[in-house]
Amino acid sequence: SVGYIWGLKWGFPVQLCAIFVSSAFIYLVGRFLLKKRVNEHTMKYRLWRAIMDHMGKDWREAAKINILMCFIPMPYGTHAYLFSL
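Not measured: the values here are computed from a predicted model.

Here the focus is the nonpolar core. Membership of the largest hydrophobic core is limited to ten residues, which are Val-38, Trp-48, Ile-51, Met-52, Met-55, Ala-62, Ile-65, Met-69, Tyr-81 and Leu-82. Per element, the largest residue contribution to this core is four residues, and it comes from helix α3 (residues 46-55). Discounting chain neighbours no more than four positions away, the residues touching Trp-48 are Thr-42, Met-43, Met-69 and Leu-82.

Listed below in C-alpha cells is the structure:
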C-alpha cells in the first residue's frame, strides 16, 4: 500500500525504512523490556530450549538456524522478537 500511495520511487525507501525501524524496535523491546518474562514462558518447551542451547554454541550454527527460521510461516516481527531473547 505504501507503493500505491507514494509511488515506486518513494514507496520503496519508505517501506524499507519502516521495516528496519520496526524490526529494531521489536528487537529492543524483546531484549530489554520483556526478556525475563518471555524466557520463563518459552523455556518450558523442550524444542525451544534445544534451539537456544544449540545457537549459543557457535555463531555459524546460530546463523544457519536463523536463516532456516526465516522459512517458517510466522507473523512479521516474531522472528526478530524471538531471536532477541
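Right, picking up where we left off after that structure.
Note that Arg-49 resides in helix α3. Sequence-wise, Arg-49 and Ile-65 are 16 residues apart; in three dimensions their C-alpha atoms are separated by 13 Å. For Arg-49, the residues in contact, after removing those within four places along its chain, are Met-43 and Lys-44. At 2.5 Å, the side chain of Arg-49 forms a polar contact with the backbone oxygen of Met-43.

When pLDDT is averaged along the protein, the result is 80; 92% of the residues meet or exceed 70. Of all secondary-structure elements in the protein, the lowest mean pLDDT belongs to helix α5 (residues 78-82), at 70, while helix α1 (residues 2-33) reaches the highest, 83.

Conventions and cut-offs
Residues numbered from 1 in each chain as written. Predicted model: local features only at pLDDT ≥ 70, side-chain atom pairs only at ≥ 80, totals over all residues. Heavy atoms only, no water. Core = buried A, V, L, I, M, F, W, Y, C linked by side-chain atoms within 4.5 Å. Buried < 20%, exposed > 50% of the residue type's maximum accessible area, 1.4 Å probe, protein only. Helix = DSSP H or I, 4+ residues; strand = E, 2+ residues; numbered from the N terminus. Contact = heavy atoms within 4.5 Å. Polar contact = N/O pair within 3.5 Å; in protein donor to acceptor, adjacent residues only side chain to side chain. pLDDT = per-residue confidence, 0-100.

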